[in-house]
Each structure stands twice: as structure tokens, then as C-alpha cells.
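Working through the structure, step by step
Letter by letter, the chains look like this.
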Amino acid sequence: MEFLLGGASSMCAVLFTNPFDVLKTRQQLEGELIAKQNLKERAYKGIRQSVLTVVRTDGLRGLQKGLPAALLYQFSMNGVRLGTYQTAENLGWTKSTSNPSLTPLLSVFWGGCAGLASATASCPFYVVKTQLQAVTSGSYTARFQHHHSGTLSAFVNIYRQSGVRGLFRGYTATLARLVVGSSVQMSSFSACKEFFLRYQVFQESIVLTALASSTVAGFLTSVLMSPCDVVTTRMTNQAVSANGKGLLYTNIFDCFLKIYRSEGIHGYYKGFVPMYLRVAPHTMLNLTFWEFFKGLHDRYGKQH
């Protein structure tokens, strides 16, 4: 039930935040391995221009590109991540009664473990989601676009070309992204929730506590996760050879190095604004829905 509640809450959240994910992906791929000063024209400069570019080239529906894959990704990723963390919390593994100073470390550790499990479960869906979001019918500055006719077609095409390995392209980057993101998000959310519950106004509202806690957690997550997020997008979307090997990046370290050499530190924070506009509300909505569903489950369970 913990895994199901986590997955369901995440699917509710992604319906609202997927457009920002599309903008983030486009910005992260624009001007790939090109120095900032050498980029003469940018189609995705800032939120407003990015939205206009997507709508102009792909219509309003373009803002929800890759939504079926995004729903599957969120269900598998957050179902496993929140379910794993909640199970550890239920078993008392995220807190130390004998040594309270260890509690933050335990939260980070179990958040990281939850991220590790979720990265493995959700990687194929992330690959498909990213490749679908990157495709546009207009002029585009990304180095490569995978032309799939839909979500199922993408799975089939990737498997035919590269086998199971293709569906786990960029797995190490996905792993780093989710371990960092999950450990920061879950530990900061738990710590904030504990802090806010000291005050009467938060004790009276589960939703208000979740909103306040997830606002802070979303900000910290965005700042620390952005470099890994850019690397994951780049590795996932790169062109591949006939035998399925990436043509731009050989591994996560190679990708980090090439981005730094070509684009500097700025390259690691491409798409940061839409990422924050996605992660903060998604964290808010996801963890708020999660708390709400858990509350419903607890009440329903007590009645039966």
C-alpha cells in the first residue's frame, strides 16, 4: 500500500508539472557542448520565450509532450522511492532514539537508498520520456532527436536498436540524480515537517504542514540536483552508433568533463528555472497528495 500511495500521489502531481519538465529538457539540450558566447540564437531563452517556442512549433499539446511516459516514470520512480522511505520510517530506521543527532544522517541514508531503488525501477521510463520531450517539428538546436511515433513505439525502437542496455542508457547518471535528489528531498522534508509541527497552526492542518515543508525541500533539491539532471538528460538523449553505443558521451564522468570544458559551470545549470518551477511544485503537490492519501488510508483503515 505504501508503494501504491507514493505512485498515485506522484501521478497526480505530474499532470500539473509536466510542461515545466518539457521546457527544462529543451533548455538543457539547447547549445549542447557549445560555449555560451558562441550561441548566436537561442530558441529557449527564459521561460516566456521557451513557452512561445514550444507552442509555435508543436502547439499547446507540445507542453504535455511525453505525458504517458512521464506518468509511468513518476509512478515507478516515486512509488518505489516514497514506498521504500515510508517503509523504513514505519520500521523506525530513519530515527535514532538512543542518539538523536544521528537522525538527520539516517534520513539522508534511507532517502539515498530509496533513490537507488527507484532509479533502477524507473530508468527505462525516463529514457523514453526524455527522448519524446526532446522531439520538435520546428527548428531546434539539440544535436539529435529520436523520432518515435509514441510511448510504446519508443520502447520497441530503443529495444530493437540497443536491447535492454538501451533502455538503461544513462543509468549511472540517473542513479546519481535520484540518490542526491531523494536523500536531500526526503531528509529535508522530514526535518521541516518536524520543525513546523512545533507550531499550533501547522498542527491543525496536514496539508499546510506538507506545503510548507515541501517548499523548502523543493528548493534544496533543485540546487543540488541540477548538475546530475543536465548530465542525465544529455546522456539519455544522445545519438547512438549501430551497435547502440553513445556517440557523444562514453560515461557519466566523460559527460561531466565535456560539459565543463565546453560550457563551464553554467552548463550544469541549464534549464534551472523551469527545473525549479517543476521540482518545487511537484515536491509540494507530490508530498501533499502523499500525506493526503496516507491520511485517507489511515482513516479508512481505522473504520475497517
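Along each chain, the written sequence defines residue order, and numbers are assigned to residues from 1. Under the rules for a predicted model, residues below a pLDDT of 70 receive no local features and side-chain atom pairs below 80 are neither given nor counted, while totals for whole chains, interfaces and linings still include all residues. Side-chain calculation: all heavy atoms of the structure are included, whereas hydrogens and water are not.

1. As for the overall build of the protein
Keep this limit in mind: Strands are runs of DSSP state E lasting at least 2 residues, helices are runs of H or I lasting at least 4, and numbering of each runs from the N terminus. For the radius of gyration, the atom set is restricted to C-alpha positions; the globular benchmark scales as 2.2 Å times the number of residues to the power 0.38. The contact definition used throughout considers only heavy atoms, calling two residues in contact when any of these lie within 4.5 Å. In this count, Lys and Arg are taken as positive residues and Asp and Glu as negative ones, while His and the chain termini are left out. Charged groups are reduced to one reference atom each: NZ for lysine, CZ for arginine, CG for aspartic acid, CD for glutamic acid.
In terms of regular secondary structure, the protein is built from eleven helices and zero strands. For the protein, the N- to C-terminal ordering of α and β elements is α-α-α-α-α-α-α-α-α-α-α. Radius of gyration (C-alpha) of the protein: 20 Å, near the 19 Å computed for a compact globule of 304 residues. Each of the three principal axes of the protein carries a C-alpha extent, and together these read 55 × 40 × 35 Å. Sequence-distant contacts, at least 24 apart, represent 78% of the contacts inside the protein between residues at least 6 apart. Distance between charge centres in the protein, computed from 29 positive and 14 negative side chains, equals 7 Å.

2. A word on the packing of helix α3 (residues 67-90) against helix α6 (residues 171-196)
Angle between the axes and distance between the axes are the two parameters that describe a pair of packed helices. Which entries qualify depends on this criterion: Every angle, taken between N-to-C directions, lies between 0 and 180 degrees, and every axis is a line fitted to C-alpha atoms, over only the stretch in contact when it is a helix. What sets the label is the angle itself: under 35 degrees gives roughly parallel, over 145 gives roughly antiparallel, 65 to 115 gives roughly perpendicular, and the rest give oblique. In this scheme, a crossing is called left-handed if the near helix is turned counterclockwise away from the far one by less than a right angle; it is called right-handed if the turn is clockwise.
Where α3 meets α6, the closest approach of the two axes is 12 Å, and the angle between their N-to-C directions is 50°. Classified by the angle their axes make, α3 and α6 are oblique. In terms of crossing hand, the pair formed by α3 and α6 is right-handed. Counting all contacts with α3, which are made through Y73, M77, R81, L82, Y85 and E89, the residues of α6 involved are R177, L178, S182, Q185, M186 and S190.

3. Here's the deal with empty space enclosed by the protein
What counts, and what does not: Buried and open spaces are told apart on a 1 Å grid over the protein atoms alone, a cavity being a set of points where a 1.4 Å probe fits but cannot get out and a pocket being an open set with protein on both sides within 12 Å along at least five of seven lines. Residues with an atom within 4 Å of a point are the lining residues. Grid points are joined across faces, edges and corners, and a volume is the space filled by probe spheres set on the points.
All told, the structure shown has two cavities of 30 Å³ or more when counted by the stated rule. The volume enclosed by the largest cavity comes to roughly 170 Å³. Contributing to the lining of the largest cavity are 15 residues, with M77, R81, Q185, M225 and R278 lying nearest its centre. Put simply, the parts of the chain that give the lining of the largest cavity at least two residues each are α3, α6, α8 (206-237) and α11 (272-303). The dominant element in the lining of the largest cavity, judged by the number of residues it contributes, is α6, at five residues. Of the voids in this model, the second largest cavity is the one considered here, and its volume is about 40 Å³. Around the second largest cavity, the lining residues are Y85, E89, M186, F189, S190, K193, W290 and E291. Sort the elements by how many residues they give to the lining of the second largest cavity and α6 lands first, with four residues.

4. Overview of the packing of helix α4 (residues 103-134) against helix α5 (residues 151-167)
Quick reminder of the rule: In the scheme used here, Gly and all other residues not listed as nonpolar or charged are polar, with Ala, Val, Leu, Ile, Met, Phe, Trp, Tyr, Cys and Pro taken as nonpolar and Asp, Glu, Lys and Arg as charged.
Closest axis-to-axis distance for the α4/α5 pair is 10 Å, and the angle between their directions is 125°. In this view, α4 runs oblique relative to α5, as classed from their interaxial angle. Where α4 crosses over α5, the handedness of that crossing is right-handed. Contacts from C123, P124, F125, V127, V128, Q131 and L132 in α4 reach T151, A154, F155, I158, G166 and L167 in α5. By residue class, the composition of the contact of α4 with α5 is ten nonpolar, three polar and no charged.

5. Some words on the side chain of S190
Here S190 shows up in helix α6. Dropping the residues within four chain positions of it, S190 is found in contact with Y85 and E89.

6. Some remarks on the packing of aromatic side chains
To keep things clear, this is the line we draw: Each Phe, Tyr or Trp ring (for Trp, its six-membered ring) is paired with any other whose centre lies within 6.5 Å, and the angle between the two planes then decides the class: stacked below 30 degrees, edge-to-face above 60, tilted in between. Only protein chains enter the accessibility calculation, which uses a 1.4 Å probe. A residue is then buried if its area is under 20% of the maximum for its type, exposed if over 50%, and partly exposed in between. Two conditions define a charge sitting above a ring: the NZ of Lys or the CZ of Arg must be within 6 Å of the ring centre, and it must be within 35 degrees of the ring normal.
Counted according to the given criterion, the structure contains eleven aromatic pairs. When the ring of F168 is compared with that of Y171, the centres are 6.0 Å apart and the planes differ by 70°; the resulting orientation is edge-to-face. The class for F168 is partly exposed, based on a relative accessible area of 30%. Considering the side-chain rings of F195 and F196, the 5.5 Å spacing of their centres and the 65° angle between planes classify their relative orientation as edge-to-face. Of the residues examined, F196 reaches a relative accessible area of 15% and is grouped as buried. Members of the aromatic cluster, each reached through a chain of ring pairs, are F195, F196, Y199 and F202. Positioned above the aromatic ring of Y73 is the side chain of K129, whose terminal nitrogen or guanidinium carbon lies 5.8 Å from the ring centre.

7. Concerning α5
Along an α-helix, residues three or four positions apart point the same way, because every turn accommodates 3.6 residues. Short version of the rule: Multiplying 1.5 Å by the residue count of a helix minus one yields the expected span of that helix.
The terminal C-alpha atoms of α5 lie 13 Å apart, and with 17 residues this falls more than 12% below the ideal 24 Å at 1.5 Å per residue. Of the surrounding elements, those touching the buried residues of α5 are α3 and α4.

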